[in-house]
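# Understanding the architecture of this molecule
So the chains spell out like this:
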Amino acid sequence: MSSPLPLFDDPTASSSSATDLLLRARPIEGGHYDELRQVDGSLRPVWQSFVDHLGAPIDDLSRRQAALAQQIQEDGITYNVYSAPGGASRPWSLEALPLILSAQEWRGLEQGVAQRARLLNQMLVDLYGPQTLLKQALLPPALVLGHPGYLRGLQGVQPVGQVYLHVLALDLARGPDGTWWVVTQRTQAPSGLGYVMQNRLLVSRLFPDTYRAMNVQHLASGYRRLVDSLSELALSCSGGQPPRLALLTPGPYNETYFEHAYLARYLGLPLVEGGDLVVRDDSLFLKTVQGLEPIHGLLRRLDDDFCDPLELRPDSTLGIPGLMQAVRAGRVVLANALGTGFLQSPAIHGFLPGLSEHVLGEPLALSSVPTWWCGEALAWQAVQPHLHEHVIRHTYPRGGKEVVLANQLSPQAMQDWRACIEQDPAAYTVQHFVPYAQAPVWAEGQVHMRSAALRVYALADGQGGWHVLPGGMARIASRGAGPVSMQQGGSSLDTWVLTDGHVDTFSMLPTSVKLDELLQRQRPVASRTAENLFWMGRYTERCEQQLRLVQTLKDLPWGEDKPHDSLLNALSDLATQHGLVPAGAPSLAQAPRVFERALLDALGDDQASQGAYSLAFNLAALERSAQALRERLSPEHARLLRSMGAGFRSPLTEPAALQSALDHLGVQLTAVTGAQMDHMTRDPGWRLLTVGRLIERLVGHAMALQSFWQHHALLHADGFDRLLELFDSTITFRARFQRRLEVPALLALLVMDESNPRSLACVLRRLRTELGKLPAGTGDAWDGVAMLPAEGVGVALTDLCDPATGVARTLAMLQSLIDLGWRLSDEVGRRYFAHAEPTDLMVSA
């Protein structure tokens, strides 16, 4: 978090006004449970306690809600909306007021959630083993063997410790009488744990004194248990050595990618995509710049279908070919195990009471909403007359709307649904409709009541026990009793669970580190991460060069002081080479107004729709690279990169607006350069970022010199001045050579001077340093330094200044450096990013 939220608590204020304001909240809609008020209209005890400890006017919440939204914006907490154009992300929505549960109420929920987790895991042990539940007809085979989420290829394969479910999420709804019901259960890759912790950090800082005084139970120890249990189980895969774990994400375009990056950073795990991993000899490896490093445990946020294109969904580009074989070989622990998705079928809920009695010998403590699987003739006959009162759901996963509220259907639509169910009854499940409880939120200067659902999490301890996270993520509707969906504009609440005992003050910060763990804490740099860092460096340098070129073009004098055509042609060529104008645009010498129009049109075009790859396009590319590196960048650095393109998202036709946008971008790029140089760890990833930046500088500056030489622009004073501007070396040149506009002096400063960070010789010297410190990579031995000139630029200054051959040698030297930059970029990609060699370098565990 970059800046503290203003404290809310004011012990000098009275709580009576806060009580009155809460009591004046709009009444709930009929048939819903009121989380705020009791039947007699008074505040529920937990809310009265909240008000008593608040000690501040509650109508100040408007300011606090605004501060909360600003903090979310600054921290880049986002949620991707698939239906938005381009899959755009939007700021995460969080309300200031929490959902509060008493200690007594939580004890009952905690017991029921833990019991259900035990039951579901034992069901998986049986269904992938002896299948007695099917043989004894306690569960219809069609719901297991007929479900695409049951993976027959894993039949008979038991995970380490027989732990299938490491994380279980249950979506709960509170009925009108206050009873909690399980609506859905998430068993594949439950989402939300990252948002739960982020919500807690934000909201607890709004009410720090209230949070402490009410004895709200903390969350951190549950996250620690998750990592510890996964590490303990993965020991069997690592040969007794400290296991290597990672968090598997579908990538930046997933709707909850922010929480993947946040959770990975919070848990101390590398964030990886399927393309970062490879299976060799039935073992899983992470592609890193050092070679292949073994991975023994994966906390996955990728659904089963996409995990292995060899055996599951063949068109998946998100998975790891051969992962299922690595699972069968017992070489990797997955959390959760593959093949658990069939338990998410709503039809399963109807059989859980009987299964609990049979498997656990206990009645089901936390009931699911009443459920009828239409594949059972008696169940369909029983529910058919009352279908209009219930919810229709698909038994098996399929596209389209998953839930249909029958009471909202027209008579014709209801008739159509009946016909569909009659045609294929097993494909449909009917559940009782439970109107969600309504919780208080602050909006438009008053308290409103919105429908709320609660997602709670059970975490396995690896020994057969379960820890229920004290809290969870409450989601609310965008209006009154509307649908509870983040995709449809809903919001979230932090969930406070009160305790009448000890508050767990555990912190994820380790108290001590064992010596043999120190190397493990030096996180490997995944090849994809390194590639994104490499391109971040290139895009940053590219934007800087484009910015200087735009400023140079903008400042050209016209009228009587019109520059010489040689300079105009040199700058026009450079603008085309740098993507500032589309290829084929007339030059400045031919049609200056047309050129200017093309330049301005391209500046704000982040889609390159006119064929020019100008500033907005490269700023957007830089932002995408940063988005894929969220777990490595500080919040300030990430926020700066996100904000840089803001000034180029609208037409820049007014000179004042253009100047302001360019000046602001210049300051921001300077700040980014400082963050990259001074605020990042000097690991191989940072070195590749630096190498990328230096390659871009080498090619860009060599192209500038080449263009000026080819067009003879240096025969005029204006040419000298503009070239020095492009190299950001005007002050140095004037200090050394005053007004002596001589080519040897220019070559000495811009080509040969290793103390000038913009000179070609200095760029090559730094490349030798950084390439020499990179790890060996993969494949045959490679010495990147050997690709570079042994010293300087490979040519003496006297040769470049020779009256007879100097121009030809200079142009040849510049072209060779441009070609060297492209070759070096390709070779770095092949060595450190592609891992395409037939034999890979293995890094021992």
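Before any of the text, the structure's been laid out above.
So, here's what we can say about the structure. (Residues numbered from 1 in each chain as written. Predicted model: local features only at pLDDT ≥ 70, side-chain atom pairs only at ≥ 80, totals over all residues. Heavy atoms only, no water.)

Turning to the overall build of the chain, a few remarks are in order. Along the chain, the regular secondary structure elements total 27 helices and 21 strands. Computed over its C-alpha atoms, the radius of gyration of the chain comes to 32 Å, within 12% of the 28 Å expected for a compact globule of 845 residues. Principal-axis analysis of the C-alpha atoms gives the chain an extent of 100 × 65 × 60 Å. Evaluated residue by residue, the chain yields a buried proportion of 56% over its 845 residues. Of the contacts formed within the chain by residues at least 6 apart in sequence, a portion of 72% connects residues at least 24 apart. Carbon and sulfur atoms make up 53% of the accessible area of the chain, which amounts to about 33900 Å² in all. Seen as two clouds, the 71 positive and the 87 negative side-chain charges of the chain have centres 1 Å apart. (Helix = DSSP H or I, 4+ residues; strand = E, 2+ residues; numbered from the N terminus. Rg over C-alpha atoms; globule rule 2.2 N^0.38 Å. Buried < 20%, exposed > 50% of the residue type's maximum accessible area, 1.4 Å probe, protein only. Contact = heavy atoms within 4.5 Å. Areas by Shrake-Rupley, 256 points an atom, 1.4 Å probe, with all protein chains shown as cover. Lys, Arg positive; Asp, Glu negative; His and termini not counted. Charge placed at Lys NZ, Arg CZ, Asp CG, Glu CD.)

Next up on the list: unusual backbone geometry. Each neighbour pair has its own omega, and for alanine 335 with asparagine 336 the value is 5°, a cis peptide bond. Relative to the helices and strands, asparagine 336 resides in the loop between strand 12 (333–335) and helix 12 (352–359). Of note, aspartate 282 is a non-glycine position whose phi angle comes to about 65°, a positive value. As for its position among the elements, aspartate 282 is in the loop between strand 8 (277–280) and strand 9 (283–288).

With respect to the helices and strands, the residue leucine 292 is situated in strand 10 (residues 291–294). Distance from leucine 292 to valine 278, taken between C-alpha atoms, is 8.5 Å for residues 14 residues apart in sequence.

Let's shift gears to the pairing of strand 21 (residues 491–497). Judged by how many residues are buried, strand 21 sits mostly within the fold: 7 of 7 residues are covered. Residues Ser491, Leu493, Thr495 and Val497 line one face of strand 21 and the alternating positions Ser492, Asp494 and Trp496 line the opposite face, and both faces are buried. Sheet topology places strand 3 (residues 99–101) next to strand 21; 3 bridges connect them, and they run parallel. In the sheet register, leucine 101 faces strand 21, and the bridge partner there is valine 497. (Pairing = 2+ DSSP bridges.)

We now examine the packing of aromatic side chains. Inspection of the entire model under this criterion finds 22 aromatic pairs. Look at phenylalanine 50 and tryptophan 496: their rings are 6.1 Å apart centre to centre, the planes differ by 55°, and that puts the pair in the tilted class. Of this pair, phenylalanine 50 sits in helix 2 (residues 45–54) while tryptophan 496 is found in strand 21, placing the two residues 446 residues apart along the sequence. Here a set of aromatic residues connected by ring pairs shows up, and it is made of Tyr79, Trp92, Tyr195, Tyr223, Phe258, Tyr262 and Tyr266. The ring of tryptophan 686 has arginine 682 lying over it, and the distance from NZ or CZ to the ring centre is 4.0 Å. (Phe/Tyr/Trp six-rings, centres within 6.5 Å; stacked < 30°, edge-to-face > 60°. Lys NZ or Arg CZ within 6 Å of the ring centre and 35° of its normal.)

Pairing within the open sheet is antiparallel, and its 4 strands lie in the order 13-16-14-15. In this open sheet, the two edge strands, each paired with only one partner strand, are strand 13 (371–373) and strand 15 (403–405). Strand-to-strand twist across the sheet, computed as the mean angle between neighbouring axes with direction ignored, equals 25°. Pairing analysis gives 5 bridges linking strand 14 (residues 390–394) to strand 16 (residues 428–432), with the strands arranged antiparallel. Paired with valine 391 across the strands is glutamine 431, a residue of strand 16. (Axes fitted to C-alpha atoms, helices over the stretch in contact; angles between N-to-C directions.)

Tallied over the entire structure, the rule returns 39 salt bridges. Taking the shortest distance from any N to any O, the salt bridge between aspartate 171 and arginine 475 comes out at 3.2 Å. Linking aspartate 171 in strand 4 (residues 167–174) with arginine 475 in strand 20 (residues 473–476), this pair joins segments that are 304 residues apart in sequence. For the pair shown, aspartate 171 and arginine 475 are each scored as buried. (Salt bridge = Lys/Arg side-chain N within 4 Å of Asp/Glu carboxyl O.)

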